Amino acid sequence: MKVIDDFIPKNDQDRLENLFLNNKYFPYYYEYNTVIGVEEESVGNDDDNIIMQPQFVHKLYDCNEIASTAYSDVMNLFCGTGVESLSPERIKVNLLQTPFDKTKGKYHIPHVDHGDDGYVSLIYYVNNSDGDTYLFDKTSYDNKSLKHYKERVNSLTVEKTVSPKKGRVVIFDSNKFHAGSPPLNHSSRCVLNMVFKK
């Protein structure tokens, strides 16, 4: 796991922030939960820190194809970082707003971005905000076994937290359990979530 500040030049950081947050024509789509396909009852009631929250999403790359006209412009800003040599699996923009429940220490459903070895996740922070990313001590689960998933999630320990800072990226294996958390002191938290085959 690595945390790198100023992953791209500052003028490119500004371009991304303007595109994703200051462009009234950039479309977002509502998703009822931050982790699609995993419901609150799937996790069980053992972790009082989990908060359910909708988010807005813009998919750039999904299901082995480009999903947005903004894909090339966005990815060109990451040339020279090493990601251009990787094969994309999924790339999307996640936009969170301040929730009604402003209890500190809450996070979204812990999940993995890909269950197999051989994939790497990058979370790029588009804006200065709060709403840390929580990285846990365990890796992948058997997607077919809900019981195993519950046991795994309910036995997680926080290994590290990473605070959102414009231009920062956190890089980790995609089969590592992690979770975002909502912004409490800022109006929005915007990240570019990228999953690549190594």
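Above this note sits the structure.
Here the residue numbering is sequential within each chain, running from 1 through the sequence in written order. Where local features are concerned, this predicted model is filtered to residues with pLDDT of at least 70; where side-chain atom pairs are given and counted, the filter is 80 or more; whole-chain, interface and lining totals use all residues. Water and hydrogen atoms play no part in the side-chain values, which are based on all heavy atoms of the structure.

(A) Representation of helix α1 (residues 10-21) in the model. Each helix corresponds to a stretch of at least 4 residues labelled H or I by DSSP, and each strand to a stretch of at least 2 residues labelled E; elements are numbered beginning at the N terminus. The length a helix should cover is 1.5 Å for every residue beyond the first. An ideal rise of 1.5 Å per residue puts 16 Å on twelve residues; α1 measures up with 16 Å between its terminal C-alpha atoms. The classification of residues rests on relative accessible area computed with a 1.4 Å probe and restricted to protein chains. Under 20% of the type maximum is buried, over 50% is exposed, and intermediate values are partly exposed. Residues of α1 that are buried: D12, Q13, L16, E17 and F20. Down the axis of α1, the buried side of the element spans an arc of 140°, and every buried residue falls inside it. Residues are treated as being in contact if the distance between any of their heavy atoms lies within 4.5 Å. Buried residues along α1 sit against α3 (71-76), β5 (87-97), β6 (119-125) and β11 (188-197). Read the arc as the range of directions from the helix axis to the C-beta atoms.

(B) Examining the sheet that holds strand β7 (residues 133-139) more closely. Taken together, the three strands give an open sheet; going across it, the order is β8-β7-β10, and neighbouring strands pair in antiparallel fashion. Of all strands in the sheet, those with a lone pairing partner are β8 (158-162) and β10 (176-179), marking the two edges. Within this sheet the neighbouring strands show an average axis-to-axis angle of 25°, counted without direction. Looking at chain direction, β7 and β8 are connected through four bridges and run antiparallel. In this description, strands pair whenever DSSP reports at least two bridges between them. Every axis corresponds to a line fitted to the C-alpha atoms, with the helix fit spanning only the stretch in contact, and the corresponding angles, defined between N-to-C directions, vary from 0 to 180 degrees.

(C) How the structure looks around the environment of I123. Structurally, I123 is set in strand β6. Judged by its relative accessible area of 6%, I123 falls in the buried class. Separated by 69 residues in the primary sequence, I123 and L192 place their C-alpha atoms 5.8 Å from one another. Beyond its immediate sequence surroundings of up to four residues, I123 is in contact with T133, R168, V169, V170, F172, H178, V191, L192 and N193.

(D) Spotlight on the side chain of T133. Relative to the assigned elements, T133 resides in strand β7. Residue classification places T133 among the buried positions, given a relative accessible area of 1%. What qualifies as a polar contact is a pair of N or O atoms within 3.5 Å, subject to a donor-acceptor requirement within protein and to the restriction that residues adjacent in sequence count only when both atoms come from side chains. A distance of 2.9 Å separates the side chain of T133 from the side chain of R189, its partner in a polar contact. Filtering out sequence-adjacent residues up to four positions away, T133 remains in contact with I123, Y125, K160, T161, V162, A179, G180 and R189.

(E) View of a nonpolar patch on the surface. Together, Y30, Y32 and I36 make up an exposed nonpolar region whose accessible area comes to about 350 Å². Looking at the secondary structure, you find Y30 in strand β2 (residues 29-31). Here a patch means residues that are over 30% exposed by relative accessible area and free of salt bridges, tied together within 9 Å if like-charged and within 5 Å if nonpolar (Val, Leu, Ile, Met, Phe, Trp, Tyr). In this description, accessible areas are obtained by the Shrake-Rupley approach with a 1.4 Å probe, and a residue is regarded as covered only by the protein chains that are shown. For salt bridges, the criterion is a side-chain nitrogen of Lys or Arg within 4 Å of an Asp or Glu carboxyl oxygen.

(F) Examining the pattern of salt bridges more closely. Evaluated as defined, the whole model comprises eleven salt bridges. Note that D6 is salt-bridged to K10, the shortest N-O span being 3.2 Å. Residue E159 is joined to K176 by a salt bridge in which the shortest nitrogen-to-oxygen separation is 2.8 Å. Here E159, found in strand β8, pairs with K176, found in strand β10; they are 17 residues apart in sequence, far enough to count as distant. Salt bridges sharing common partners tie together D5, K165 and R168.

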